[in-house]
Amino acid sequence: MSGAVDLSVLKERAEAQRSRAAAPAPQPGAEPGAPGQVPQGASIIDVTEATFETDVVARSDQELVITLLWAGWSEPSVQLAQLLQELAVRAAGAWTLARVDVDVAPRIAQAFGAQSVPIAIALAGGQPVSAFDGRQPLEQVGAWLDEITSKMGIPSPDTEPEPEPEDDPRMVAAEELLNSDDLEGALAAYQAILALEPENVEAAAIARNVEFTIRAKQHDPTILETAEPGDVDAQLAAADVLLLGQRPEQAFDRIIDVVRVSDGDDKARARTRLLELFELFDPAEPFVVAARRKLAAALY
């Protein structure tokens, strides 16, 4: 199985076979000619010479494909086919089982250089990476497949999922205060968590938002009309009201205007407040990126 698979003999006939209906491959273990039923949720396909390049080689560029070369007259073939089908069902689409009846598609067996059946070949990136001779004990199939999927980072269906982390009771209590609109109590709860865990990113982010909300709700909404251009405190309060009203661009522009016309402590205070408001959002937000550019222009 070493080296590249010679697909030239298959490609030469692919177009010709696509022009006529290919005979369906029988289900392993079924009576000749009987249609096979693929279990729901499993990725199992029957492959012909016409479909091999697309269904096996091209597919293996995207996912692991286990190609089974089998024959209905071979009892070991039927046994291996049934076992691989069970494993494919358990894998639930993590990899694909591609069944090739060598009596229907003998050139595929020739391309792999197979001298007998059954043989299971694992393909990835368009090339075989491992093969299993079905004449070996069938109990080794699972170990062979586990080794391949492990190397490719495919989780085993037998692997227990990581347990969900238990909710921090302190965070739950703080959230309950927040949901009951007890903003002061919620802020105190989150700050208590941060006092013990300064690196708690979630608590820090929520605390910033709660602190802003408390401050913004203390402002009279009429500040938007009454704030004098030179009154820094009033302009910062107006920006809070705008941001609380879901108008971040206008809020940022209001403070940037203060930065542009102010100097000394007023300029520094306005800049600091704007940076604090930036922290309430994802730094990649377009309006945050645009406001940072405007701030840079206003400063320099």
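Rules of the game
- Residues numbered from 1 in each chain as written.
- Predicted model: local features only at pLDDT ≥ 70, side-chain atom pairs only at ≥ 80, totals over all residues.
- Heavy atoms only, no water.
- Salt bridge = Lys/Arg side-chain N within 4 Å of Asp/Glu carboxyl O.
- Helix = DSSP H or I, 4+ residues; strand = E, 2+ residues; numbered from the N terminus.
- Buried < 20%, exposed > 50% of the residue type's maximum accessible area, 1.4 Å probe, protein only.
- Pairing = 2+ DSSP bridges.
- Axes fitted to C-alpha atoms, helices over the stretch in contact; angles between N-to-C directions.
- Contact = heavy atoms within 4.5 Å.
- Phe/Tyr/Trp six-rings, centres within 6.5 Å; stacked < 30°, edge-to-face > 60°.
- Core = buried A, V, L, I, M, F, W, Y, C linked by side-chain atoms within 4.5 Å.
- Parallel < 35°, antiparallel > 145°, perpendicular 65-115°, else oblique.

Oppositely charged side chains may form a pair once their charged atoms are brought near each other. For the structure on display, the rule yields 12 salt bridges. With a closest N to O distance of 2.5 Å, Asp-233 and Arg-269 form a salt bridge. Residue Asp-233 is found in helix H10 (residues 232-244), and its partner Arg-269 is found in helix H12 (residues 264-278); the two are separated by 36 residues along the sequence. Among the residues examined, Asp-233 registers a relative accessible area of 51% and is labelled exposed. Judged by relative accessible area, which is 35%, Arg-269 ranks as partly exposed. For Asp-253, the salt bridge goes to Lys-294, with nearest N and O atoms at 3.0 Å. With Asp-253 in helix H11 (residues 248-261) and Lys-294 in helix H13 (residues 286-299), this pair connects stretches of sequence that are 41 residues apart.

Strand order in the open sheet formed by 5 strands is S1-S3-S2-S4-S5, and the pairing between neighbours is mixed. For this open sheet the edge positions go to strand S1 (44-46) and strand S5 (127-133), each flanked by a neighbour on one side alone. Across the sheet, the mean angle separating the axes of adjacent strands is 25° when strand polarity is ignored. Where strand S2 (residues 65-70) lies against strand S4 (residues 119-124), 5 bridges are found, and the strand directions are antiparallel. What sits directly across from Val-65, in S4, is Leu-123. Relative to the sheet, helix H5 (residues 139-151) contacts S2, S4 and S5, its axis offset from that of S5 by approximately 165°.

Another aspect to go through is the pairing of strand S3 (residues 96-101). Taking burial as the measure, the 6 residues of S3 include 6 buried ones, the bulk of the element. In the sheet, S2 pairs with S3 via 6 bridges, with the strands oriented parallel. Bridge assignment links Ile-66 to a residue of S3, and that residue is Leu-97.

On to the packing of aromatic side chains. In the structure shown here, the tally under the stated rule is 6 aromatic pairs. On the numbers, 6.3 Å between centres and 40° between planes, the contact of Phe-252 with Phe-287 is tilted. In this pair, Phe-252 sits in helix H11 while Phe-287 sits in helix H13, placing the two residues 35 residues apart along the sequence. By relative accessible area, Phe-287 is classed as buried at 19%. Members of the aromatic cluster, joined through ring pairs, are Phe-252, Phe-278, Phe-281 and Phe-287.

Next up on the list: the nonpolar core. Ile-223, Phe-252, Ile-255, Leu-274, Leu-277 and Phe-278 are the most contacted members of the largest nonpolar core, which totals 30 residues. The set of elements that each furnish at least two residues to this core consists of helix H8 (201-217), helix H9 (223-226), H10, H11, H12 and H13. Ranked by residues supplied to this core, first place goes to H10 with 9 residues. Discounting chain neighbours no more than four positions away, the residues touching Ile-223 are Ala-234, Ala-237, Ala-238, Val-241 and Arg-254. With 21 residues, the next largest nonpolar core counts Ile-44, Leu-80, Ala-91 and Trp-95 among its residues.

A pair of packed helices is characterised by two quantities: the angle between their axes and the separation of those axes. Across the interface, H11 lies against H13 with an axial gap of 9 Å and an inter-helix angle of 10°. Between H11 and H13, the crossing angle belongs to the class labelled roughly parallel. The segment H11 lies against H13, with Pro-248, Glu-249, Phe-252, Asp-253, Ile-256, Val-259 and Arg-260 engaging Phe-287, Val-288, Ala-291, Lys-294, Leu-295, Ala-298 and Leu-299.

In short, the description is geometric, and any link to function would need to be established separately.
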